[in-house]
Amino acid sequence: WRQNTLQDGLFGCTSQANPNSAGTSQCSRQEPGFDGPCAAPVWLLLIILVVFQRNEGRAQRPTSFSVVVAIDFGTTSSGYAFSFSNDPEAIHMMRKWEGGDPGVANQKTPTSLLLTPEGAFHSFGYTARDYYHDLDPEEAQDWLYFEKFKMKIHSTSDLTMKTELEAVNGKKVQALEVFAHALRFFKQHAVQELKDQCPSLQEKDAIRWVITVPAIWKQPAKQFMREAAYKAGLVSPANPEQLLIALEPEAASIYCRKLRLNQLIDLSCKPVANGLAPELSIDSSFRQAREQLRRSRHSRTFLVESGVGELWSEMQAGDRYIVADCGGGTVDLTVHQIEQPQGTLKELYKASGGPYGAVGVDLAFETLLGQIFGEDFIATFKAKRPAAWVDLTIAFEARKRAAAPFRSNPLNVSLPFSFIDFYRRHRGQNVETALKRSSVNFVKWSSQGMLRMSSEAMNDLFQPTVSQIIRHIDDLLKKPDVKEIKFLFLVGGFAESAMLQHAVQSAFGSLCRVIIPQDVGLTILKGAVLFGLDPTIVRVRRSPLTYGVGVLNKFVEGKHPKEKLLVKEGKNWCTDIFEKFVSVDQSVALGEVVQRSYCPARLGQRKIIINIYCCATDDVVYITDPGVRKCGTLSLELDEVDEPTCPKSRRREIRASMQFGDTELKVAAMDVRTSKTVRAAIDFLSN
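The shown structure was predicted, so the numbers you read here are calculated from the model rather than taken from an experiment.

So, empty space enclosed by the protein
Part 1: Here the structure, examined in full by the defined rule, presents six cavities of 30 Å³ or more.
Part 2: If you go around the largest cavity, you meet 17 residues; those closest to its centre are Lys222, Arg542, Ser543, Pro544 and Asp662.
Part 3: Elements represented by at least two residues in the lining of the largest cavity include exactly helix H6 (219–232), strand E18 (344–354) and strand E24 (538–542).
Part 4: Here the lining of the largest cavity takes three residues from E18, the largest share from any one element.
Part 5: A breakdown of the residues in the lining of the largest cavity according to their chemical character gives eight nonpolar, three polar and six charged.
Part 6: Taken as a whole, the second largest cavity holds about 60 Å³ of empty space.
Part 7: Around the second largest cavity, the lining residues are Ala403, Ala404, Arg407, Asn409, Pro410, Leu411, Met453, Ser454, Ser455, Met458, Asn459 and Met499.
Part 8: With three residues, the single largest contributor to the lining of the second largest cavity is helix H14 (residues 455–477).
Part 9: Its residues assigned to classes, the lining of the second largest cavity comprises seven nonpolar, four polar and one charged.

Below you can see the structure in the form of structure tokens.
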């Protein structure tokens, strides 16, 4: 066999009606996923059914959970919120975190994890960051400190359960352990707060958990987060429905549709006031919203509209809008259309985006320091004085948040004393001399021990990242399916930046209304709670990729290449045919399933494993085409049954149903003869 051999000899046929010969069936073999010997191969019929089932009428799913807890696991900051199912209009934010930075809202906590030198959990968030910062420099080199580690999951092309993350000190720990530690921390905090409010709450079955992920994450990354949640003890693998994966821009969209007009900042409204230039109103609107948010923090409970908010009263059926989720690590774009009168959402174009988050500005600052003091020195300083490096990044973060497009006075970034002292010892000169000798313009030295960054210097740090965001939104607006956009919602932590707000408004304000929720940094978190209360709110999604399996089809001269010819039992077959389950950007409604029926190749077979392939285009023909890759395996575990004596009855049919319209690809299976459930799973992490 030229193709991979099958475990236990799994074979099959695609049943297709021939218009010229009624009842003729065209055989094909499901391309296998095993490299073991083929045990007594016997050709058996594999019936393939493609069934699309729709749930046309929509009713909110009755929930058996008493409370929904959502965890917004961000690149730079994270937090949780919850809502009781008997009072779904009230969303309760987490308790205020200890610690924090001056001028920075601590409604969420930094995504920073600290493990002891032995690898045990020590702390998370502000506590982890501050404790690590206060360690003796020599002692700190033994501790395992992780920050902004979520990006690793997106950037790793071969993500597996054994993928490792590198701590600040260079030591490595399995990524699954790191994420599980963080999720376990949030679980403990949330459960304790819930028990304080409701002592009779049964933790095991009463809580539905929701974890947010970027919409551009592929299936392996989503499965990774689910596995981390299992390891953290949020839910049991035996009850997977107790955990939902929410897509971040979707969650933001769900929340935005509930807002009142006075809970939004419309950047398109630029009235001239008090003699100020119109463009200054963007910065002032941002400051006004920040002040209103500060006042609202005295109450941790937010009330949402029972139906859809006032904003949607301005929209007609079929109106479209974009949600741009600008976070710390990634920018996620999704295009939605609200469906009246139900208020459900329909995705119009597959989620897109990239690693254009606020971390890009941090990396630009690190590059700037390398230009001034030398890249080798910065690398050495980070390795030898890791806690002091964290201190420097904290100082820059505060100034980054203060950057505005029309700011005239410089921004001062404090350099830790250890940086100044380490540079003098390492280079034999002071930092002021380094600044004078460097070719970097617009950055001066302050006698108070600070880098004085002009507005031009700060603009240069923002420009590459902001430009990529603008370019990506512009590319999206040029797509044929993305026309007549009425609103552009900016959400996520980076959307708080006046620099980004101004750039987006300048680029797209003439095309649509650019709108920002006042609690922009918490929009995704609140929307994730609403999604947990009603997961059916997004009725139609777009498939991010083309998915399918490899099969054999009848060989056709002139159509199929000679190298694909396989002769078996006197018949000519074409190998490696890519049979699609669903195509890229195809609309798939919630509740739609693709069904395939598989027959074991021999009596007593206990397991069927089939490779799943994916591709970013829809014109794929063979599983060997460029861009096609094996992305997962479909596993069916069969119980032992009494085999019938009649040969015609020996074909045991296992019907697998795959859902592509949810946030995760799901599968269920049933033994047709006995109507019993068959254990079925799709694994994207073992490739």
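Examining the pairing of E18
Part 1: Buried residues dominate E18, accounting for eight of its eleven residues.
Part 2: The sheet contact formed by strand E17 (residues 331–339) and E18 spans eight bridges and is antiparallel. The partner of Val331 across the bridge, within E18, is Gly354.
Part 3: Where E17 folds back on E18, the antiparallel hairpin that results is connected by four residues, among which Gly343 adopts a positive phi of roughly 80°.
Part 4: Of the pairings in the sheet, the one linking E18 to E24 comprises two bridges and is parallel in character.

Observations concerning the sheet that holds strand E7 (residues 112–115)
Sheet strands pair via backbone hydrogen bonds, and the direction of the pair is either parallel or antiparallel.
Part 1: Judged by pairing direction, the sheet is antiparallel, and its three strands sit side by side in the order E8-E7-E9 without closing on themselves. The open sheet has two free edges, formed respectively by strand E8 (121–124) and strand E9 (144–147), since each of these has just one partner strand. The sheet shows a mean angle of 15° between the axes of neighbouring strands, taken without regard to direction.
Part 2: Pairing of E7 with E8, which is carried by three bridges, proceeds in the antiparallel orientation. Among the inter-strand pairings, Leu113 is bridged to a residue of E8, identified as Phe124.
Part 3: Together, E7, E8 and E9 form the strand contacts of helix H1 (residues 126–134), whose direction differs from that of E8 by roughly 110°.

Some remarks on the sheet that holds strand E19 (residues 411–414)
Part 1: Spatially, E19-E21-E20 is the arrangement adopted by the three strands of the open sheet, whose pairing is antiparallel. Every other strand in the sheet has two partners, leaving E19 and strand E20 (443–446) as the edge strands with one partner each. Across this sheet, the average inter-strand angle for adjacent strands is 30°, counted without regard to direction.
Part 2: In terms of strand pairing, E19 meets strand E21 (residues 450–453) through four bridges, oriented antiparallel. Paired with Val413 across the strands is Leu451, a residue of E21.
Part 3: Along the sheet, helix H9 (residues 359–373) contacts E19, E20 and E21; its crossing angle with E21, the most-contacted strand, is approximately 110°.
Part 4: In the packing of H14 onto the sheet, contacts are made with E19, E20 and E21, and the angle to E21 comes to roughly 85°.

Thoughts on the packing of aromatic side chains
Part 1: Considering all chains together, one arrives at 26 aromatic pairs under this definition.
Part 2: Ring geometry for Phe581 and Phe660: centres 6.2 Å apart, planes at 55°, overall tilted. Of this pair, Phe581 sits in strand E27 (residues 571–582) while Phe660 sits in the loop between strand E32 (654–659) and strand E33 (666–671), and the two are 79 residues apart along the sequence. The burial state of Phe581 is the same as that of Phe660; both residues are buried.
Part 3: Joined through ring pairs, the aromatic side chains of Phe373, Phe377, Phe381, Phe419, Phe422 and Tyr423 make up one cluster.
Part 4: Geometry around Trp217 places Lys150 over its ring, the cationic atom sitting 5.7 Å from the centre.

Topic: helix H7 (residues 248–256)
At 3.6 residues per turn, the α-helix brings residues three or four places apart onto the same side.
Part 1: Here H7 lies mainly inside the structure; nine of its nine residues are buried.
Part 2: Three or more residues of H7 are buried, namely Glu248, Pro249, Glu250, Ala251, Ala252, Ser253, Ile254, Tyr255 and Cys256.

Considerations on the environment of Leu411
Part 1: Relative to the helices and strands, Leu411 resides in strand E19.
Part 2: Taking the C-alpha atoms as reference points, Leu411 and Met450, separated by 39 residues in sequence, lie 9.4 Å from one another.
Part 3: Leave out the neighbours within four places in its chain, and Leu411 touches Arg399, Ala402, Ala403, Leu451, Arg452, Met453 and Met458.

Quick word on the side chain of Thr111
Part 1: Along the chain, the position of Thr111 falls in the loop between strand E6 (109–110) and E7.
Part 2: Under the relative-accessibility criterion, Thr111 is labelled buried at 1%.
Part 3: Reaching out from Thr111, the side chain makes a polar contact with the backbone oxygen of Gly74 at a distance of 2.9 Å.
Part 4: In terms of polar contacts, Thr111 uses its side chain to reach the side chain of Ser78, at 2.7 Å.
Part 5: The contact partners of Thr111, leaving out residues within four places of it in the chain, are Phe73, Gly74, Thr75, Thr76, Ser77, Ser78, Phe124, Phe146, Glu147, Lys148 and Phe149.

Thoughts on the pattern of salt bridges
Part 1: Within this structure, the stated rule accounts for 30 salt bridges.
Part 2: Close ionic contact of Lys148 with Asp362 constitutes a salt bridge, the shortest N to O distance being 2.9 Å. One end of the pair, Lys148, is in the loop between E9 and helix H3 (151–155); the other, Asp362, is in helix H9, and 214 residues separate them in sequence.
Part 3: Between Glu664 and Arg226 there is a salt bridge whose closest N-O contact spans 2.7 Å. Highlighted residues: Glu664 in the loop between E32 and E33 and Arg226 in helix H6, separated in sequence by 438 residues. Taken individually, Glu664 and Arg226 each receive the classification buried, so the pair is uniform in this respect.

Conventions and cut-offs
Residues numbered from 1 in each chain as written. Predicted model: local features only at pLDDT ≥ 70, side-chain atom pairs only at ≥ 80, totals over all residues. Heavy atoms only, no water. 1 Å grid on protein atoms, 1.4 Å probe; cavity = no way out; pocket = protein on both sides within 12 Å on 5 of 7 lines; lining within 4 Å. Points joined across faces, edges and corners; volume = space filled by probe spheres on them. Helix = DSSP H or I, 4+ residues; strand = E, 2+ residues; numbered from the N terminus. Nonpolar A, V, L, I, M, F, W, Y, C, P; charged D, E, K, R; others polar. Buried < 20%, exposed > 50% of the residue type's maximum accessible area, 1.4 Å probe, protein only. Pairing = 2+ DSSP bridges. Axes fitted to C-alpha atoms, helices over the stretch in contact; angles between N-to-C directions. Contact = heavy atoms within 4.5 Å. Phe/Tyr/Trp six-rings, centres within 6.5 Å; stacked < 30°, edge-to-face > 60°. Lys NZ or Arg CZ within 6 Å of the ring centre and 35° of its normal. Polar contact = N/O pair within 3.5 Å; in protein donor to acceptor, adjacent residues only side chain to side chain. Salt bridge = Lys/Arg side-chain N within 4 Å of Asp/Glu carboxyl O.

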